[in-house]
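Structural features, examined
Residues per chain, in single letters:
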Amino acid sequence: MFSTKVNSLYTKLTMTEKKIADYLIINGADVGGMTSYDLAERLGIGQATVVRFSKKLGYRMFGEMIDDAKNSVGESTSEIIESDTPSDILDKLEKRTCDIIQSIRQSNDAECFARAAKLIDGARSIVCYGYTTSNLFASYLCELLIEIGKGALCESNAILTKRRVFQLDSERDVVIIVSKSGEKSESVGIAEYAKSRGIPVIAISNAGKSPLVEIADVHIKVLEISDRSVPSASMGTNVGVIYAAEVLAACVFQCNQKVYRRQYGNNIVAAFSERK
C-alpha cells in the first residue's frame, strides 16, 4: 500500500519528499522501528519535513508509514506482464483494488465524510461535475443521490454546468466536483465560479495539493496514478473513486435514514409503475 500511495503522488512531491519516498522503497526491510528523528538524520533533512511527508501520504502517525513501508517489502508486483494468465490478472487486480481501498480509507478521516454529507443532506439542489472520464464518476454519484431522493443533477458540459450553478442558492445548495488530478481548468473554473457565488464546493480529488483542493470546502481524497506508460499501470485505480462516492452517499443516507428510506421506496415504486 505504501508504494501505491507514493505512485499516486510522486509527480507532485518535492525533491526532498522524493528522496524520502525513494529511501523507504529501497530500504523498506531495514526501517522497522525507525523514528522520524532517525530518518531525518539519515537523510540529512529536517524532522518536520519527514513528519509532513507522512501526513501528505495520508498517514495519521509517522509510525504507520514506517510499518506500511516495511510490510510492503517482498510484495509481488501488481504490474500486468505479457506472461500473465487471466487467473494472474484476477489476482493482481484484486490485490491492487484492496490496496487502493485501504489507502483511501486511511487517507480520509470520518469527519471529512461527515462534513460533506451534512452539506449534501441540507442541500435543496446539488450540481455534480467531472471533466471527460471523471464525469462518469460524477454521474454515478449523482444517480446514488437521486436514488435516495436528493435533487441532484450532472452535466458533462462546463458551460451548462455553470448555468446550473448560477441557479443555486448559496444558503442551501452545494457543488460536487470529481477530478482525480485536481488540475483540469474546466473543473477548477466551475469551483471558482461556485465559490464566487458563495456556494460550498466538495472536491473528490487526489491527495496532493492542487488548484481544486485549494478552493474546496471539503476534500475527499482518492488516488490518481500518473504513470500511463502502459495501460495496466492505472487499471483498477478507478475503484477508489467509486468507493469514495458510495461511502459519501451512504453517509448522506445515514444523516436521516427514516426520510431517505421512505423516499427511496417511493422512487422504486414510481420506477416500477413507469415500466408497467
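In the block above lies the structure referred to throughout.
Structure report, in brief. (Residues numbered from 1 in each chain as written. Predicted model: local features only at pLDDT ≥ 70, side-chain atom pairs only at ≥ 80, totals over all residues. Heavy atoms only, no water.)

So, the overall build of the protein
- Check the secondary structure of the protein and you find 13 helices and five strands.
- Computed over its C-alpha atoms, the radius of gyration of the protein comes to 21 Å, within 12% of the 19 Å expected for a compact globule of 276 residues.
- On the principal axes, the C-alpha backbone points of the protein span a range of 65 × 45 × 35 Å.
- Counting the 276 residues in the protein, one finds 44% classified as buried.
- Of all intrachain contacts in the protein linking residues separated by at least 6 positions in sequence, the fraction that spans at least 24 positions is 70%. (Helix = DSSP H or I, 4+ residues; strand = E, 2+ residues; numbered from the N terminus. Rg over C-alpha atoms; globule rule 2.2 N^0.38 Å. Buried < 20%, exposed > 50% of the residue type's maximum accessible area, 1.4 Å probe, protein only. Contact = heavy atoms within 4.5 Å.)

A word on the environment of Ser179
- Structurally, Ser179 can be placed in strand β3 (residues 174-179).
- Judged by relative accessible area, which is 2%, Ser179 ranks as buried.
- Taking the C-alpha atoms as reference points, Ser179 and Asn206, 27 residues apart in sequence, are found 7.7 Å from one another.
- Look past the residues within four positions of Ser179 in its chain and what remains in contact with it is Ser134, Lys184, Ser187, Ile204, Ser205, Asn206 and Leu212.
- A distance of 3.0 Å separates a polar side-chain atom of Ser179 from the backbone nitrogen of Gly182. (Polar contact = N/O pair within 3.5 Å; in protein donor to acceptor, adjacent residues only side chain to side chain.)

So, empty space enclosed by the protein
- Scanning all chains against the criterion turns up one cavity of 30 Å³ or more.
- Lining the largest cavity are Lys5, Ser8, Leu9, Leu57, Ser103, Ile104, Ser107, Asn206, Ala207, Lys221, Val222 and Leu223.
- Within the residue set of the lining of the largest cavity, elements represented by two or more residues are α1 (2-9), α6 (86-107) and β5 (218-222).
- For the lining of the largest cavity, a count of residues per class yields six nonpolar, four polar and two charged. (1 Å grid on protein atoms, 1.4 Å probe; cavity = no way out; pocket = protein on both sides within 12 Å on 5 of 7 lines; lining within 4 Å. Points joined across faces, edges and corners; volume = space filled by probe spheres on them. Nonpolar A, V, L, I, M, F, W, Y, C, P; charged D, E, K, R; others polar.)

Quick notes on the nonpolar core
- Residues Ile120, Ile126, Ile176, Ile204 and Ile220 are the most contacted members of the largest nonpolar core, which totals 33 residues.
- Contributions of two or more residues to this core are made by α6, α7 (110-121), β1 (126-130), α8 (133-147), β3, β4 (201-206), β5 and α12 (238-255).
- Of the residues forming this core, the biggest block, six residues, is contributed by α12.
- Counting residues in each nonpolar core, the second largest holds 23 residues, with Ala40, Tyr59, Met65 and Ala69 among its members. (Core = buried A, V, L, I, M, F, W, Y, C linked by side-chain atoms within 4.5 Å.)

Some details on the environment of Gly63
- As for its placement among the helices and strands, Gly63 is situated in helix α5 (residues 62-71).
- Exposure remark for Gly63: the relative accessible area of 36% places this residue in the partly exposed category.
- Linking Gly63 and Thr237, residues 174 residues apart in sequence, is a C-alpha distance of 26 Å.

Some points on the sheet that holds strand β2 (residues 152-154)
- Strand order in the open sheet formed by five strands is β2-β1-β3-β4-β5, with parallel pairing between adjacent strands. The open sheet is flanked by β2 and β5, the only strands paired with a single partner. Geometrically, the sheet is characterised by an average inter-axis angle of 20° between neighbouring strands, direction not taken into account.
- Sitting on the sheet, α12 touches β3, β4 and β5, and the angle it makes with β5 is about 140°. (Pairing = 2+ DSSP bridges. Axes fitted to C-alpha atoms, helices over the stretch in contact; angles between N-to-C directions.)

Some words on α1
- Of all eight residues that make up α1, six are buried, and the element is covered over most of its length.
- Of the residues making up α1, those classed as buried are Phe2, Thr4, Lys5, Val6, Ser8 and Leu9.

A word on the side chain of Asn135
- Here Asn135 shows up in helix α8.
- The class of Asn135 is buried, set by a relative accessible area of 11%.
- When neighbours within four sequence positions are excluded, Asn135 is seen to be in contact with Gly130, Cys154, Glu155 and Ser156.

Considerations on the packing of helix α3 (residues 36-43) against helix α4 (residues 47-56)
- Between α3 and α4, whose axes approach to 8 Å, the crossing angle comes to 115°. Considering how the two elements wind past one another, α3 and α4 form a crossing that is right-handed. Side by side, α3 and α4 meet where Ser36, Tyr37, Leu39 and Ala40 of the first sit next to Gln47, Val50 and Val51 of the second.
- When grouped by side-chain class, the residues that make up the contact of α3 with α4 number five nonpolar, two polar and no charged. (Left-handed = near helix turned anticlockwise from the far one by under 90°.)

Here's the deal with the pattern of salt bridges
- Enumeration according to the criterion identifies six salt bridges in this entry.
- Asp99 is the partner of Lys95 in a salt bridge, and the nearest nitrogen-oxygen pair spans 2.5 Å. Of this pair, Lys95 and Asp99 both sit in helix α6, four residues apart, which is roughly one turn of that helix.
- In this structure Lys95 comes out as partly exposed when scored by relative accessible area, which is 32%.
- A relative accessible area of 10% means that Asp99 is categorised as buried.
- Note that Arg164 is salt-bridged to Glu155, the shortest N-O span being 3.0 Å. (Salt bridge = Lys/Arg side-chain N within 4 Å of Asp/Glu carboxyl O.)

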